[in-house]
Every structure is written in structure tokens, then in C-alpha cells.
Amino acid sequence: MFRELFLTKRQQKKIHFFKLMEGYPAGEYSVRTLSQKLDCSYQSLLQMLQEINETLIKLNETPLFVTTSDIYWESDSNRSNKFLITQVKRSLPYRFLLTTLYRPEQELADFCKETFASESTVLRRMRPVIDYLAECSIRVNLSKMELTGHEAVIRLFYIKALWSASLGDDLVKCELDFTAEENLLRDLMSVFPLPIHTKLIRLMLCVCRLRNDQKRYLNEAPFDDLLFSQTTPLLD
């Protein structure tokens, strides 16, 4: 799963718990019984469930625990998905990538201070992302906090990462002004409506704008004009 690139082993275990419990009917379960069914130690499961419970409370979701050692479980895809998304958005790799996009002047030392992480921790947590991008011939320079390589692939990765975590809302909600992109989106949809979610088109436009601002340009297209030429003046 793409989102697992951003998650620690601990976070992945929490997500795995939600998946395992999808097959269980609604009702109360003792932590000890669950530890036996899931073949894990009682203490480690209890601690993990307490952490999940604390996160759910912060998300204003129904908590798990009904007593200190019993939980009430009822499958809720919205709650599960909200929990998953929160884990991704709070992850160190996701925050690193978001920073490289809308705050390219940020230095690694300052990023480490903001996230209360050492440089070695950032490197360790970024390793899955670095390896994933290396397969696409994209290099991650941790010290400079930048991605280099085929620009089209880099933009697609940013778009996929932001879409998987927040449908692009994290970028739009930052302090940057995307009024021009919002206006362009409105004009484009009025001229040529597309069967694509408007949030995705907006995200594409914002990522492209930010990469252009960083002077990270796409290679010239191997054709003279767009297939749908009526959009050319608006894009220009």
C-alpha cells in the first residue's frame, strides 16, 4: 500500500489491527481474549490499544475502551479511514515532503527542530520513501531537502502523496496564495468539463505552480499543441 511508505512499523501494526477487526461482529471484547485470538502479548496489545484510543478521542471519534481492559468494537469504515489518514499526515516522511514542496528554503536543521527529530531519525524514517523513489530514478537529498530527477515523475509523486493523505487540502490550506489556480480551475471547467474531481485538478495546478516557482521546469513537450487546443490560451 502506497501510504505504508510514510508509516512506522508501529503505525502499520495499528492499521493492521483495524483490518483484522473488520471481520469481527460488533460487541465487547476483553483485551486478554483478543491477545489470544491475535496471537500477541497482552501487555503490548493493551498499550497499542491505549494509543489508538487516545488518537480516536483526539479525532472526536468513538473511543475503544469501555473498561480499563475491555473494548467495544464496531466496524466503521469512516473512522478507520480517518485514523489511517491521521497517521499518514502526522508521519515524518509526509511532513518532510510537504515542506520540500511549499517551503523549499527550509533547512534540515530547522525541520528537525520543528519535528523534534534528529537527522539520523529523519534518514531512518525516510528510507522507505528514498528507496521507492530510487526505483523511479528520483534522488532525495536530505541535507538540502530536495527531490531531483525526472521532473514529471517528481510532480506525479507529490500529487499522489498529497492526494492519498488529504485530497490536496493540506497544500491548499497552507499560507500560500492559490487564488490564481482557483480562478484557472473555474475557467477551465467552464470551457472543458472533465470527469475528474476538481480537487485533483486543483492539486495538479498547485504542485505545478510551486515546482515552477522553484525553477524546476518540465521538459518541452514533444508536440506543438495540446490535443484540446481550446484550453491552450487559459493555460498560457
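Before reading further, recall that the structure is shown in the block above.
Keep in mind that this is a model prediction, so the values were computed, not measured.

(A) Seen up close, the overall build of the chain. Helix and strand content of the chain: twelve helices and four strands. Taken along the three principal axes of its C-alpha coordinates, the chain extends 65 × 40 × 30 Å. In the chain, which comprises 236 residues, the proportion classed as buried is 42%. When the accessible surface of the chain is totalled, it reaches about 13500 Å², and 53% of it is carbon and sulfur. Taken as two groups, the 31 positive and 31 negative side-chain charges of the chain have centres that lie 6 Å from each other.

(B) Representation of the nonpolar core in the model. The biggest cluster of nonpolar side chains holds 60 residues, and the ones touching the most others in it are Phe6, Phe17, Val122 and Leu171. Apart from the residues lying within four places of it in its own chain, the contact partners of phenylalanine 6 are Gln11, Val88, Ser91, Pro93, Tyr94, Leu97, Arg125, Val129, Phe157 and Ala161. The next biggest cluster of nonpolar side chains, apart from the first, holds five residues, and it includes Leu185, Leu188, Ile201 and Leu205.

(C) The arrangement of unusual backbone geometry in detail. Positive phi values are uncommon outside glycine, yet serine 137 reaches one of about 65°. If you trace the backbone, serine 137 turns up in the loop between helix 7 (119–134) and strand 3 (139–141). A positive phi is found at lysine 215, a non-glycine position, where the angle reads about 60°. Tracing the chain through its elements places lysine 215 in the loop between helix 11 (198–213) and helix 12 (232–235).

(D) Expanded view of helix 4 (residues 77–89). Across its 13 residues, helix 4 extends 18 Å between first and last C-alpha, which sits within 8% of the 18 Å expected from 1.5 Å per residue. Within helix 4, the full set of buried residues consists of Arg79, Ser80, Phe83, Leu84, Ile85, Thr86, Gln87 and Val88. Packed against the buried residues of helix 4 are helix 1 (9–21), helix 3 (42–58), strand 2 (70–73), helix 5 (92–102) and helix 8 (151–166). Its side-chain oxygen at 3.1 Å from the backbone nitrogen of asparagine 78, aspartate 76 defines the N-terminal cap of helix 4.

(E) Inspection of the packing of helix 5 against helix 6 (residues 108–115) at higher detail. Between helix 5 and helix 6, the least distance of the axes is 12 Å, while the angle of their chain directions is 135°. In this view, helix 5 runs oblique relative to helix 6, as classed from their interaxial angle. In this structure, helix 5 crosses over helix 6, and the sense of that crossing is right-handed. Of helix 6, the residues touching helix 5 (which contributes Leu92, Arg95, Phe96 and Thr99) are Leu108, Phe111, Glu114 and Thr115.

(F) Main features of the layout of surface pockets. Here the second largest pocket is characterised by a volume of approximately 220 Å³. Residue lining of the second largest pocket: Arg10, Lys13, His16, Phe17, Leu20, Leu38, Cys40, Ser44, Leu45 and Met48, and that is the complete set. Only helix 1 and helix 3 provide two or more residues apiece to the lining of the second largest pocket. Among the elements that take part in the lining of the second largest pocket, helix 1 stands out by supplying five residues, more than any other. Residue composition of the lining of the second largest pocket, by class: six nonpolar, two polar and two charged.

Procedures and definitions
- Residues numbered from 1 in each chain as written.
- Predicted model: local features only at pLDDT ≥ 70, side-chain atom pairs only at ≥ 80, totals over all residues.
- Heavy atoms only, no water.
- Helix = DSSP H or I, 4+ residues; strand = E, 2+ residues; numbered from the N terminus.
- Buried < 20%, exposed > 50% of the residue type's maximum accessible area, 1.4 Å probe, protein only.
- Areas by Shrake-Rupley, 256 points an atom, 1.4 Å probe, with all protein chains shown as cover.
- Lys, Arg positive; Asp, Glu negative; His and termini not counted.
- Charge placed at Lys NZ, Arg CZ, Asp CG, Glu CD.
- Core = buried A, V, L, I, M, F, W, Y, C linked by side-chain atoms within 4.5 Å.
- Contact = heavy atoms within 4.5 Å.
- Expected span 1.5 Å × (residues − 1).
- Polar contact = N/O pair within 3.5 Å; in protein donor to acceptor, adjacent residues only side chain to side chain.
- Axes fitted to C-alpha atoms, helices over the stretch in contact; angles between N-to-C directions.
- Parallel < 35°, antiparallel > 145°, perpendicular 65-115°, else oblique.
- Left-handed = near helix turned anticlockwise from the far one by under 90°.
- 1 Å grid on protein atoms, 1.4 Å probe; cavity = no way out; pocket = protein on both sides within 12 Å on 5 of 7 lines; lining within 4 Å.
- Points joined across faces, edges and corners; volume = space filled by probe spheres on them.
- Nonpolar A, V, L, I, M, F, W, Y, C, P; charged D, E, K, R; others polar.

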